[in-house]
Amino acid sequence: MNTNNNKKILIFAIFSSFAGCGEDAAAPADLRQALLRSWGEDLLLPRYDAAREGAEALHARVGDLCAAPSAARLEDARAAWGEARRPWKEAQVFSFGPYSMEPLRYGPKIDFQPARPESVEGVLAGDGALDQAAVSGLGSAARGMPALEVLLWGAEGPVEEAFAPGSRRCAYLEGASADLGATVGLLRDAWDPAGGGYLLELTDPQPDGYGDLQMALGEVINRMGYLLENLRLDRLGRPLGREFGGSPQPEVVESRLAGRSLEDLRDSLRGLELVWFGPEERPGAQGLSGYIQRRSPTFDARFREQMERLYAALDAIDGPLTDAVVSDADDVQALIDALTDAQRFIQVDVIGALGLAVGFNDNDGD
Amino acid sequence: MWARLTQPVDATGLAIFRALFGGVMAAAALRFWLKGWVDTLLVEPSFHFTWAGLDFVRPWPQPWMDLHFGVMALAAVGIALGWRTRWCAGLFGLLFTWVELIDKATYLNHYYLVSLWAALLAVVPAGSAWSLDARRRGSLRGEPVAQGWVWLMRAQLGVVYGFAGLAKLNGDWLLRAEPLQIWLQRFADLPGIGGLLTLPATAWVMAWAGAAYDLTAPLGLAWRRTRPLYVAAALAFHLAIWLLFPVGMFSFIMLASITLFITARPVEAPAPPSGPPRGLQRAALAFGAAWLALQLALPVRGLLYPGDLNWTEQGFRFAWRVMLIEKAGWVEYRVVTGDPPQTTRVSPRAELTPLQVKAMSTQPDMILDYAHHLAAKYQSKNNTNDVKIYADAYANLNGRPSQRLIDPDVDLAAQPRGLGHAPWILPLLRDP
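Here the structure is a predicted model, which means the values were calculated and not measured.

## Some words on the environment of T362 of chain B
Residue and element names in this part refer to chain B.
- Summarising the element assignment, T362 is placed in the loop between α17 (354-360) and α18 (364-382).
- For T362, a relative accessible area of 8% corresponds to the buried category.
- Along the sequence, T362 and V231 sit 131 residues apart, while their C-alpha atoms lie 36 Å from each other.
- In this view, T362 contacts E313, K327, A328, G329 and L405; residues no more than four positions away in its chain are not counted.

Structure representation (structure tokens):
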């Protein structure tokens, strides 16, 4: 029985019958619903739009590069790759639903980490077609942003030769960048209430889904914690190696070829701030801040404190991260420690204060 | 006293309870199966938090687990109809308790109560009236039962209410109205009633009224003059809990149990034998006394452990400490192997289900259980006994700031499972 929604309807009906306030049926929407909707419409969809537009710009720059290869045009293409990546990482809290669930599971098709140059080189060494349709049929390690990173940063020799018009590298770049834009578009549409509608799973939860708004809100806030865990364990902990085998592994650093690992981290942290405060550029956009203030006014200050510590620790690392995990390990560890505290703040203090400890079903009773 | 215990009384209340209990349990088994919980909660997890000494209790492979639930539901129907009542109750109790013992993560107080009711129904003559058993013996109306059996059942319910009430006599419940203040926040946006439910005063009223009801319900229900008032209060109390909180079948089980207080009028019957109890009577008396002694002892065992029971949770289960805590937690392990020592960080999320992670992250004995599991896993993987397990575990209780739950410097692999005091659980330090 889920039914928390059904129960609430019952509560409301009982109350209305006693109080004669049936006209309140058109009362303002649940703040949690408004918050979840704003996260989708003001934060997630615009960032996926920006990532898709970034991928389209990258496709255009790649076309320019391959039409007349030069170092300047290669830099333009690389910059376009970074521009596409920024909004993508800012939306990383929402790495669930069509991002990770079969059969769609678009996330790994867009950003399978860490990059595997051998997969990309294997495709380059073959003789198969490399247009968009062909690339969309490749495995996750041979498409998406990491594959494009390998193609843009992994070429050897003079630019004019590596990106010669008609070369397989150029065909692969054009096919992979077109595939990237299309796949980000598919992911965006899967969330869009006017498309696949996954956002409605959160804003209008059904008994066979999240069940109620409390569970849906808990999902997003737990995902904030899981993102911090991902940054801490996968993006810093494994490369640092102290608690994952004992020795540094720079080869598993994300965006290592582009040297964008620390920027990736910064964008992900920025995404957490967007969830908490709402995107400033969208008038009326909401963030968790407005909701949690009702429980305790101290949470905003505590969140800001956590973020300031995270940014300070991030700034203290002498990049690139591939070098830092070897030569600046203590600073990397300091960032991991700050991320640990931030995760604890989200997953224990915030979740506890809002009564969001995930009750995955109503078997979870007394 | 013996004469009063053996006084024949009308068994109608007992029969109604039996029928309702069986019906609710049949529905509960069907509901559990329909929701897919047989697979997701019992069969699919690769690791189970077993109970010390009962590690052999495991889920059967499918389709046998579905069959287990099917037989359990049929046994519940048998109880409801009063068909071979004691056998059906015994079978149901065995099957239900087996399910309950598969994984600590699924422990619920009302599941424990279900096991107790089933055990009692396997002994108490609950099928003596208004049952297929009674009809088979010649009269659907059946025979009276000894008053002692009715008292035993009522006493069991009194233990539940009484200890639930006593557990509420703490600072968080009475002086901060927590965790109700936190829980009621989820209704803030409910049109109309949301504002009322989230008034601080509402949580206070509910906290004090809930404690008062629990503490006085055993006597209020037993005394004929106050019984109507308490039955009405029980209806309001349990329906409110069902409406407001995700308590599954709890409210229905408790409401079914209230019918035990339907007046059991003395009936004319052949006079009970005078003199001291003999044979089966003596066994029945001993059973009742032992049962009640155990039911009184189990809830108070928590007092033997140092620290805040709601934080350490030592002696928390099987003690009717219901709806007392809102806890959130987070735990990771450091697995240290070899010489020189090499550390591997392990998140339980990689192996456990979300429900298991949620349950274990705030319950120290489950944190220890998983540490032992990790120790065995890494001992096997590294072919060495030199494996140490440390936990970085944080939790909060009823809105307090988070703090460490487990001493991070204690090798949990070296700590025994069992009922003894666990000094590696750190005390609750900070007040809100």
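Now that the structure has been shown, the text picks up again.
## A look at the pattern of salt bridges
Residue and element names in this part refer to chain A.
- If you walk through the whole model with that rule in mind, you get 48 salt bridges over all chains.
- Between D49 and R52 there is a salt bridge, with the nearest N and O atoms lying 3.1 Å from each other. Here the residue D49 and the residue R52 both occupy positions in helix α2 (residues 31-67), the gap between them amounting to three residues, near one helical turn.
- What you see here is one network of salt bridges that share partners, running through E83, R85, R86, K89, D111, R235, E254, R260, D264 and D267.

## Remarks on a nonpolar patch on the surface
All names here are of chain B.
- A surface patch of nonpolar side chains, about 480 Å² in accessible area, is lined by W60, W64, L67, V71 and L91.
- Ranked by residues supplied to the nonpolar patch, first place goes to helix α4 (residues 64-81) with three residues.
- Relative to the elements of secondary structure, V71 occurs in helix α4.

## Section: the sheet that holds strand β6 (residues 403-404) of chain B
- Strand order in the open sheet formed by four strands is β4-β3-β5-β6 (chain B), with antiparallel pairing between adjacent strands. Either end of the sheet is taken by a strand with one partner, and the two such strands are β4 (342-346) and β6 of chain B.
- With two bridges joining them, strand β5 (residues 387-397) of chain B and β6 of chain B adopt antiparallel strand pairing. Bridge pairing in β6 of chain B places Y394 of chain B opposite R404 of chain B.
- Strands in contact with helix α11 (residues 213-240) of chain A are β3 (327-337) and β4 of chain B; relative to β3 of chain B, the strand with the most contacts, it is inclined by about 5 degrees.

Analysis parameters
- Residues numbered from 1 in each chain as written.
- Chains lettered and ligands numbered in written order.
- Predicted model: local features only at pLDDT ≥ 70, side-chain atom pairs only at ≥ 80, totals over all residues.
- Heavy atoms only, no water.
- Helix = DSSP H or I, 4+ residues; strand = E, 2+ residues; numbered from the N terminus.
- Buried < 20%, exposed > 50% of the residue type's maximum accessible area, 1.4 Å probe, protein only.
- Contact = heavy atoms within 4.5 Å.
- Salt bridge = Lys/Arg side-chain N within 4 Å of Asp/Glu carboxyl O.
- Patch = residues over 30% accessible without salt bridge, like charges linked within 9 Å, V, L, I, M, F, W, Y side chains within 5 Å.
- Areas by Shrake-Rupley, 256 points an atom, 1.4 Å probe, with all protein chains shown as cover.
- Pairing = 2+ DSSP bridges.
- Axes fitted to C-alpha atoms, helices over the stretch in contact; angles between N-to-C directions.

From the geometry alone we can't say anything about function, so treat these as descriptive.
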